[in-house]
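A look at the structure
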Amino acid sequence: MERMKIREAVLGDYTELMDFYAYMCIVLNGEDFLPHGNKGGFPSAEMVSDAIKDQNLFVEIEDDKIVGAIIMNHECDEAYHTVSWGIDAPDDQVVILHALRILPKYSGQGYAKKLIQYSIEKAKERNLKAIHLDVIEGNDIPLRMYGSFGFQYVDTVEMCYEDIGEARKFRLMELLLR
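Before going into details, it helps to say that this report is about the structure given with it. These figures come from a predicted structure and were not determined experimentally. (Residues numbered from 1 in each chain as written. Predicted model: local features only at pLDDT ≥ 70, side-chain atom pairs only at ≥ 80, totals over all residues. Heavy atoms only, no water.)

1. Overview of helix H3 (residues 111-125)
The α-helix winds at 3.6 residues per turn, so residues separated by three or four positions along the chain end up facing the same way. Stated formally: Helical segments are the DSSP runs of H or I of at least four residues, strand segments are the runs of E of at least two, and each set is numbered from the N terminus. Helix span, as expected, comes to 1.5 Å for every residue beyond the first. Burial status follows relative accessibility: with a 1.4 Å probe on protein chains alone, a residue under 20% of its type maximum counts as buried, one over 50% as exposed, and anything between as partly exposed.
An ideal rise of 1.5 Å per residue puts 21 Å on 15 residues; H3 measures up with 21 Å between its terminal C-alpha atoms. All of the buried residues in H3 are Tyr 111, Ala 112, Leu 115, Ile 116, Tyr 118, Ser 119, Ile 120, Lys 122 and Ala 123. Looking one or two residues past H3, Asn 127 carries a phi angle of roughly 60 degrees, positive in sign.

Now the structure itself:
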């Protein structure tokens, strides 16, 4: 059995990543914090492809298969620009974390924490000033995990993501890197 490793995704991972994210949309469909289900389609094929090309998609591999993934880029909902962050920095100096997913078989075993730590290290290597993210209200487990890395709650905003299909409240969090 091959031990878990984290690396940047490559174009050869594209099909497996799209299958992975499609499966995770099905898994999320049953969560209490999504009372009307998950419509699927997040992240989009374009977002995955762009993230791979830009070296902003990281995967966890175990036994030669993707068991976890996260996207890190500069794209965010307009609501991110309506709050007072801890640092006033241009968009290209702040990175947004998206689409952190871990296969259910591997949840609760530290896989998500390892991906977050890897993302923090990559952001520091790139001399970025902060990491921002959002968590839908009611999804409390990630809030505690992000808090354990020093992410601070900034504000709650209403956003409408396509895969959810309706406006919901999201908690915005920030980690200052320098």
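2. Considerations on the packing of aromatic side chains
The geometry of an aromatic ring pair is captured by the separation of the ring centres together with the interplanar angle, meaning the angle of the planes. Note the following rule: Between 30 and 60 degrees the pair is tilted, below 30 it is stacked and above 60 it is edge-to-face, where a pair is any two Phe, Tyr or Trp rings, Trp via its six-membered ring, whose centres lie within 6.5 Å. Geometrically, a lysine NZ or arginine CZ counts as sitting over a ring once it is within 6 Å of the ring centre and also within 35 degrees of the ring normal.
According to the stated counting rule, one finds five aromatic pairs in the structure shown. Summarising the aromatic geometry, the rings of Tyr 106 and Tyr 111 are spaced 5.2 Å apart at their centres and angled 65 degrees between planes, so their arrangement reads as edge-to-face. We note Lys 114 situated over the ring of Tyr 111; from NZ or CZ to the ring centre the distance is 6.0 Å.

3. Observations concerning the packing of H3 against helix H4 (residues 140-148)
Here is the rule we go by: A fitted line through C-alpha atoms serves as each axis, taken over the contacting stretch for helices, and the angle formed by two N-to-C directions is quoted from 0 to 180°. In what follows, roughly perpendicular refers to angles from 65 to 115 degrees, roughly parallel to angles under 35, roughly antiparallel to angles over 145, and oblique to any angle outside these ranges. Crossings are assigned a handedness: left-handed for a near helix turned anticlockwise from the far helix by less than a right angle, right-handed for a clockwise turn. Here a residue-residue contact requires only that any non-hydrogen atoms of the pair lie within 4.5 Å.
As a packed pair, H3 and H4 sit with axes 11 Å apart at the nearest point and diverge in direction by 45 degrees. What the angle tells us is that H3 and H4 run oblique. Seen from above, H3 lies across H4 with right-handed handedness. From H3, Ala 112, Lys 113 and Ile 116 reach across to H4, where they touch Met 145, Tyr 146 and Ser 148.

4. Some words on the nonpolar core
Spelled out, the test is: Definition of nonpolar core: a set of buried residues of the types Ala, Val, Leu, Ile, Met, Phe, Trp, Tyr and Cys, connected through side-chain atoms within 4.5 Å.
Ranked by internal contacts, the top residues of the largest apolar core, which has 44 residues, are Leu 17, Leu 57, Leu 100, Ile 116, Ile 131, Tyr 146 and Phe 151. Sort the elements by how many residues they give to this core and H3 lands first, with seven residues. Within the second largest apolar cluster, 13 residues are counted, among which are Ala 89, Ile 96, Ile 136 and Phe 170.

5. A short note on the layout of surface pockets
Quick reminder of the rule: Note on definitions: the grid is 1 Å and covers protein atoms alone; a cavity is a set of points where a 1.4 Å probe fits but cannot get out; a pocket is an open set with protein on both sides within 12 Å along at least five of seven lines; lining residues have an atom within 4 Å of a point. Grid points are joined across faces, edges and corners, and a volume is the space filled by probe spheres set on the points. Amino acid classes used here: Ala, Val, Leu, Ile, Met, Phe, Trp, Tyr, Cys and Pro are nonpolar; Asp, Glu, Lys and Arg are charged; the rest, including Gly, are polar.
Put simply, the second largest pocket is a space of about 190 Å³. Around the second largest pocket sit 13 residues that line it, and His 81, Trp 85, Ala 89, Asp 91 and His 132 are the ones nearest its centre. Its residues placed into classes, the lining of the second largest pocket shows eight nonpolar, three polar and two charged.

6. Overview of the side chain of Asp 13
In this structure, Asp 13 sits in the loop between strand S1 (5-8) and helix H1 (14-28). Asp 13 sits in the buried class, given a relative accessible area of 7%. For Asp 13, the residues in contact, after removing those within four places along its chain, are Arg 7, Val 59 and Ile 66.

7. Observations regarding the pattern of salt bridges
Side-chain pairing between opposite charges can occur once the charged atoms of the two side chains come close. Test applied: Salt bridges are counted wherever a side-chain nitrogen of Lys or Arg sits within 4 Å of a carboxyl oxygen of Asp or Glu.
Here the structure, examined in full by the defined rule, presents four salt bridges. A salt bridge links Glu 8 to Lys 122; the shortest N-O distance between them is 3.5 Å. Of this pair, Glu 8 sits in strand S1 while Lys 122 sits in helix H3, and the two are 114 residues apart along the sequence. The residue Glu 125 makes a salt bridge to Lys 122 at a minimum N-O spacing of 3.6 Å. Of this pair, Glu 125 and Lys 122 are both found in helix H3, three residues apart, which corresponds to roughly one turn of the helix.

8. Describing H4
The condition that has to hold: To obtain the arc, one takes the directions from the helix axis to the C-beta atoms.
Buried within H4 we find Pro 142, Leu 143, Met 145 and Tyr 146. Down the axis of H4, the buried set is contained in an arc of 165 degrees. They therefore lie on one face. Of the exposed residues in H4, those oriented more than 90 degrees away from the buried face are Ile 141, Arg 144 and Ser 148. Contacts from the buried residues of H4 go to strand S4 (94-102), H3, strand S5 (130-136) and strand S7 (167-176). Just past H4, the residue Gly 150 takes up positive phi, approximately 100 degrees.

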